[in-house]
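Geometric and topological summary
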Amino acid sequence: PAETSVSLWTMSDWSKPYSGFASVRREWDEAGGSQTSVNARITMKPSSTWELTMGRNLSCNRAFAQYVTTEMGPNLSFNNAFAQYVSSREDPLATETFGARYIFGELEQTTLSMETRLNVTFTPNLTLELFAQPFIASGDYGQLRELKQAGTFDFIDYGIDAGEISLDDDGNTLVDPDGTGPAEPFTVYNSDFNRVSLRGTGVIRWEWRPGSTLFLVWQQSRSDRYKDGHFDFGRDADAMFAARADNIFMVKATYWIGS
């Protein structure tokens, strides 16, 4: 279906001690789907020795100066899809779609992510880099529908336009696509989802002699998934930090051979 989008953004002078950027984007289509995303960035430079940034796509490089740079990129989006593909079922009676029923569902999805970077330069030869990316997403599936005819964006809503549906205790849907007709009933398993993850990396870089460098690297990742379908920041954040963590430690050294 045809889609329309509108975006608004504003930013201030980055050379000032305090500056910022904000954007909002809204998309919608003729079928009733929509998506909204919000991004923001704030930078504070009260002195020449350090800089704090909350936002995305901003980097800082001041050679031979002691400074701290922090980057954080919050991104919040809401997506309402009219027809998100779920699954398909073979059925020779579905002649309009070549012997298979293609099943879609309404989807309400919320996604929150934020990239955080901290760069500290102690000396020209000793630096610390930290990176973290928390991620929370949820998806709640609603009305199930079937593609009516190949090559179209027309659908048959189960339980409304045709067929009968019922839910079990696990949220799975039993679909009888033509009610009392000859088509075989089938089950569409609950596709609701919640995903949480946290990835982090820390790197200490020490150039102990010209051209020779030692890297100490620590990486941690944790994730969890469950089927609730609803976004709850407090609960999901707790689940993210409670998930089992995988830690990796690495050491890398380079030695310059030459005059």
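Now for a description of the structure that goes with this document. Counting restarts for each chain: residues are numbered from 1 in the order of the written sequence. Restriction of local features to residues with pLDDT of at least 70 applies here, the model being predicted, together with a cutoff of 80 or more for giving and counting side-chain atom pairs; totals for whole chains, interfaces and linings are based on all residues. Values shown for side chains rest on all heavy atoms present in the structure; no hydrogens or waters enter the calculation.

Structural notes on the overall build of the protein chain
For the purposes of this entry, the term helix denotes a DSSP run of H or I that reaches at least four residues, the term strand denotes a run of E that reaches at least two, and both are numbered from the N terminus. Secondary structure summary: the protein chain contains one helix and 14 strands in total. Relative accessible area decides the class of each residue, using a 1.4 Å probe on protein chains only: under 20% of the type maximum gives buried, over 50% gives exposed, and in between gives partly exposed. Taken over 259 residues, the protein chain has a buried fraction of 33%. Whether two residues touch is decided by their heavy atoms; if any such pair falls within 4.5 Å, the residues are in contact. Across the protein chain, contacts joining residues at least 24 apart in sequence account for 52% of those joining residues at least 6 apart.

Things to note about the sheet that holds strand β11 (residues 186-188)
In this analysis, strands are considered paired if DSSP registers two or more bridges between them. The sheet built from three strands is open, its strands ordered β9-β10-β11 with antiparallel pairing. Since the sheet does not close on itself, it has two edges, and those belong to β9 (164-167) and β11, each with one partner. The mean inter-strand angle of the sheet, taken between neighbouring strand axes irrespective of direction, is 30°. Both β9 and strand β10 (residues 173-176) contribute to a ladder of four bridges, which runs antiparallel. Looking at the pairing, Ser166 lines up with Leu174 of β10. Fitted lines through C-alpha atoms give the axes, limited to the stretch in contact for helices. The angle between two N-to-C directions lies from 0 to 180 degrees.

Things to note about helix α1 (residues 233-242)
Among all positions of α1, only Asp236, Ala237, Ala239 and Met240 are buried. Down the axis of α1, the buried set is contained in an arc of 160°. They therefore lie on one face. Within α1, the exposed residues directed more than 90 degrees away from the buried face are Asp238, Phe241 and Ala242. Buried-residue contacts for α1 involve β7 (126-147), β12 (193-209) and β13 (212-226). In protein, a polar contact requires one atom able to donate a hydrogen and another able to accept it; more generally it is a pair of N or O atoms within 3.5 Å, and residues adjacent in sequence count only if both atoms are side-chain atoms. Its side-chain oxygen placed 3.3 Å from the backbone nitrogen of Gly234, Asp232 serves as the N-cap of α1. It is the directions from the helix axis to the C-beta atoms whose arc is reported.

Section: the nonpolar core
Judged by nonpolar contacts, Ile103, Leu144, Tyr158, Val175, Phe186 and Val188 together constitute the single largest core of six residues. Once residues within four sequence positions are removed from consideration, Leu144 is found in contact with Val86, Ile103, Phe104, Gly105, Ile156, Asp157, Tyr158, Thr173, Val175 and Val188. Buried Ala, Val, Leu, Ile, Met, Phe, Trp, Tyr and Cys residues that are joined via side-chain atoms within 4.5 Å together make up what is termed a nonpolar core. In this structure, Ile136, Val196, Leu198 and Met240 belong to the second largest nonpolar core, which totals five residues.

A closer look at the pairing of β7
As paired elements, strand β6 (residues 100-123) and β7 share 17 bridges and run antiparallel to each other. When the bridges of β7 are listed, Asn119 appears paired with Glu129. In this structure, the hairpin formed by β6 and β7 is closed by a connection of two residues. In terms of strand pairing, β7 meets β12 through 14 bridges, oriented antiparallel. Each residue of the ladder has a partner; that of Pro134, found in β12, is Leu198. Pairing geometry for β7 and strand β8 (residues 155-157), over three bridges, is antiparallel. Along β8, the bridge assignment pairs Glu146 with Ile156.

Some details on the pattern of salt bridges
Should a side-chain nitrogen of Lys or Arg be within 4 Å of a carboxyl oxygen of Asp or Glu, the pair is scored as a salt bridge. Going through the model one piece at a time under the given rule, you end up with nine salt bridges. Here Glu27 ties to Arg25 by a salt bridge, and the two come within 2.6 Å at their closest N and O atoms. Take Glu27: its relative accessible area is 16%, and that puts it in the buried class. With a closest N to O distance of 3.1 Å, Glu106 and Arg145 form a salt bridge. Here Glu106, found in strand β6, pairs with Arg145, found in strand β7; they are 39 residues apart in sequence, far enough to count as distant. If you follow the salt bridges from partner to partner, you end up with Asp91, Arg101 and Glu146 in one network.

Thoughts on the side chain of Asp176
Turning to its location among the elements, Asp176 is positioned in strand β10. His is not counted, nor are the chain ends; Lys and Arg add positive charge and Asp and Glu add negative charge. No salt bridge is formed by the buried Asp176. Its closest oppositely charged neighbour is Arg101, at 7.8 Å. Among all residues touching Asp176, those that are not within four sequence positions of it are Gly163, Glu164, Ala183 and Pro185.

Points about the side chain of Thr111
For Thr111, the location among the structural elements is in strand β6. Here the side chain of Thr111 touches Gln109 through a polar contact of 3.5 Å, side chain to side chain. Look past the residues within four positions of Thr111 in its chain and what remains in contact with it is Asn75, Leu76, Ser77, Phe135, Ile136 and Ala137.

Things to note about the packing of aromatic side chains
Centres within 6.5 Å are what make two rings of Phe, Tyr or Trp a pair, Trp counting through its six-membered ring; a difference in plane orientation under 30 degrees is then read as stacked, over 60 as edge-to-face, and the rest as tilted. Under the counting rule described, the total for this entry stands at eight aromatic pairs. Their ring planes at 75° and their centres at 5.3 Å tell us that Phe104 and Phe155 sit as a pair that is edge-to-face. Of this pair, Phe104 sits in strand β6 while Phe155 sits in strand β8, and the two are 51 residues apart along the sequence. The same class applies to Phe104 as to Phe155, namely buried. What makes Phe155 buried here is its relative accessible area of 13%. Linked through ring pairs, Phe82, Tyr85, Phe104, Phe153 and Phe155 together constitute an aromatic cluster.

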